[in-house]
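Fold and geometry: a report
As a plain string of letters, each chain reads:
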Amino acid sequence: MAYNDLYIQMKAINRSLAALKILTGDECIRTMPQGISFQNTLVCNLRCPHCQTHGNEKDRIYYNGIRMSQEMLYRAAREVLPTADEYLFTVSGEPLTTPNMNILLREFSQYAAKIEMHTNGTLITPEILVHLLPAAKGIHVSIDGATPFVLEATRKGAKYDRLMHNIRLLTRSVEMLPDHMRPMIYFGCTIMASNVRELSAMVELAHLLGVHHVYGYFVVIYHNELRQEDIQLHQRLYNACRQQAVDTANRLGVHLCIPPAFEGVVPSLEGPLGGSERIIGRFPKNYPESLNAVHELKDLVDVEKVEKQAMQVRDQILGRLKDKRLFSGYRDMMGGVRQYIGLKRLQRYYHRTLRQHKTTLEEALTSENQQTIKFCESLYRRLYLSPTGKVIPCCYIYHPLGDASNECIGDIWNGEAYRNFRAKFLSENPPKECIGCHNISWVRPVDLARDLCSCLNGNLVFRPT
């Protein structure tokens, strides 16, 4: 059995157990997170005015001094990644500021877990792409403007020309890889008064640069001096700009996911461009012309330079993979033995647990008119690990449910604090942060049962009689 196959089977069993845990409501079923967000560094090279942690200089200095210890990062990875499908590095800073990122990506790749990278894109280089692309499931580039003026105003410290080059280098490198090695590339946009008129232009920019997915989220106001950025105060303008963006996305074939239009509000592009309590108080006189200008890719980047660098990235990636296959026999054999023993133990636990819940599973697969189950991705599938080791259920809740500096993450994930929190989430009196949360969904028992039965290969799957 190949070394990575051990981890792949462990992940499949863990997914199946997690589905069974949700289906039955049995908190005694022991699982592990299917994803983990390592808040390994809060350092960021930009100073975006609307950012919660780096929006002003005092906060920026404080957060730029916070990092997770290497010992804790590696210890958590060894415990969680063998059964996890994916992981993230910091979403509260810029992950590419992480020291020795190339080494981390190489070390973590042994666990067959994929990284979801959220980056501002300014630190992308050919060297980092050689290590990042084979390890990545998705790469989300945060971008809050389509024109140089708005982008550099909302992303303080970013240089438009350099960022355009980096993004196209990223997408072109991905395009050159075999289909099965291509991570998804996304744009992520914070929608606010200063950039809402650029929504359609950002879709066009994505199309030009080879990005096929654009996501947008309303700004959260963390600083009182930016109160007028709140889209709730500009509903007519948002509805009009949103419709423009939707039309552009449909025309260009770009997948666009942004908040719905405000109901009962007549769209209108009328209103001042800038103003007080905003990031951009005054726009240049030629802004409307620059916003509506038609561009080609050659207007944004040096196409020949990008092509040359992307070919080098591709050749190095494929060369490294060939070397890995050539020397795969020299892996840590003792580590493989330990993982094999762990897999067999997990398989026995899986079959024993399925037998205990056989009736529930059969009913879920055959019964009709079943009541849906309240579900939260964060509570049942992933956790967040702070730089100091605090384990929190999601990025909206700051109350820790455990401390990984003196407890095993598995014990925290399956422990009393998590059990109580999940029970409260399911109750009629959920935590206040969960009320109205857009991450809450409802799942059908039959879908959970089918997912459970499809997670594993033939010799491991439970098939009801």
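Residues numbered from 1 in each chain as written. Predicted model: local features only at pLDDT ≥ 70, side-chain atom pairs only at ≥ 80, totals over all residues. Heavy atoms only, no water.

Here we come to the side chain of Thr-353. On the secondary structure map, Thr-353 appears in helix H13 (residues 333-356). A residue is classified by how much of its surface remains accessible, and Thr-353, at 3% relative accessible area, is buried. Residues within four places of Thr-353 in sequence aside, it is in contact with Leu-17, Leu-20 and Ile-29. (Helix = DSSP H or I, 4+ residues; strand = E, 2+ residues; numbered from the N terminus. Buried < 20%, exposed > 50% of the residue type's maximum accessible area, 1.4 Å probe, protein only. Contact = heavy atoms within 4.5 Å.)

It is worth spelling out the pairing of strand E3 (residues 114-119) at this point. Sheet analysis places strand E2 (residues 86-88) next to E3, joined by 2 bridges and oriented parallel. Bridge pairing links Tyr-87 to Ile-115 in E3. Following the backbone out of E2, through helix H4 (residues 101-108) and into the adjacent parallel E3, one traces a crossover that is right-handed. Following the backbone out of E3, through helix H5 (residues 126-135) and into the adjacent parallel strand E4 (residues 136-142), one traces a crossover that is right-handed. (Pairing = 2+ DSSP bridges. Right-handed = clockwise from strand over helix to strand, strands pointing away.)

This part covers the packing of helix H3 (residues 70-80) against H4. Relative to each other, H3 and H4 sit at 20 degrees, their axes nearing to 11 Å. Taken together, the axis directions place H3 and H4 in an arrangement best described as roughly parallel. Every pair of crossing elements has a handedness; the one defined by H3 and H4 is right-handed. Residues Leu-73, Tyr-74 and Ala-77 of H3 lie in contact with H4, whose contacting residues are Ile-103, Leu-104, Glu-107 and Phe-108. For the contact of H3 with H4, the residue count by class is 6 nonpolar, no polar and 1 charged. (Axes fitted to C-alpha atoms, helices over the stretch in contact; angles between N-to-C directions. Parallel < 35°, antiparallel > 145°, perpendicular 65-115°, else oblique. Left-handed = near helix turned anticlockwise from the far one by under 90°. Nonpolar A, V, L, I, M, F, W, Y, C, P; charged D, E, K, R; others polar.)

Applying the stated rule across the entire model yields 17 aromatic pairs. When the centroid spacing of 6.0 Å and the interplanar angle of 45 degrees are considered together, the rings of Phe-38 and Phe-108 count as tilted. One end of the pair, Phe-38, is in strand E1 (residues 35-38); the other, Phe-108, is in helix H4, and 70 residues separate them in sequence. Judged by its relative accessible area of 0%, Phe-38 falls in the buried class. Look at Trp-413 and Tyr-418: their rings are 5.1 Å apart centre to centre, the planes differ by 55 degrees, and that puts the pair in the tilted class. Judged by relative accessible area, Trp-413 falls into the buried class, the value being 0%. Of the residues examined, Tyr-418 reaches a relative accessible area of 0% and is grouped as buried. An aromatic cluster is present here, built from Phe-38, Tyr-74, Tyr-87, Phe-89 and Phe-108 joined pairwise through their rings. Of note, Lys-374 hangs over the ring of Phe-425, and the distance from its end group to the ring centre comes to 4.4 Å. (Phe/Tyr/Trp six-rings, centres within 6.5 Å; stacked < 30°, edge-to-face > 60°. Lys NZ or Arg CZ within 6 Å of the ring centre and 35° of its normal.)

Moving on to unusual backbone geometry. Glycine aside, negative phi is the norm for most residues, and most peptide bonds take the trans geometry. Of note, the phi angle at Ala-112 is positive, near 60 degrees, even though the residue is not glycine. The phi torsion at Glu-277 lies on the positive side, around 55 degrees, for a residue other than glycine. When you line up the elements, Glu-277 lands in the loop between strand E7 (255-257) and helix H10 (287-292). Glu-277 gets classed as partly exposed once you look at its relative accessible area, which sits at 28%.

Counting across every chain of the model gives 21 salt bridges. Where Arg-155 meets Asp-144, a salt bridge forms, and the shortest distance between an N and an O atom there is 3.1 Å. Here the residue Arg-155 occupies a position in the loop between helix H6 (148-154) and helix H7 (160-176), and Asp-144 occupies one in the loop between E4 and H6, the gap between them amounting to 11 residues. With respect to burial, Arg-155 and Asp-144 carry one shared label: buried. Across the pair Asp-315 and Arg-314 runs a salt bridge, and its minimum N-O distance is 3.0 Å. (Salt bridge = Lys/Arg side-chain N within 4 Å of Asp/Glu carboxyl O.)

We now examine H3. Looking at H3, one finds that the buried residues are Met-72, Leu-73, Ala-76, Ala-77 and Val-80. End-on view of H3: buried residues confined to an arc of 130 degrees, all on one side of the axis. For H3, the secondary structure elements touched by its buried residues are E1, H4, strand E9 (382-385) and helix H16 (409-413). (Arc of directions from axis to C-beta.)

A word on the nonpolar core. In terms of nonpolar packing, the biggest core is built from 131 residues, with Phe-38, Leu-81, Tyr-87, Phe-89, Met-164 and Phe-187 touching the most fellow members. When residues of this core are assigned to their parent elements, the largest contribution, 9 residues, is made by helix H1 (residues 3-24). Setting aside chain neighbours within four positions, we find Phe-187 in contact with Val-141, Ile-143, Ile-167, Met-202, Leu-205, Ala-206, Leu-209, Val-211, His-213, Val-214 and Tyr-215. (Core = buried A, V, L, I, M, F, W, Y, C linked by side-chain atoms within 4.5 Å.)

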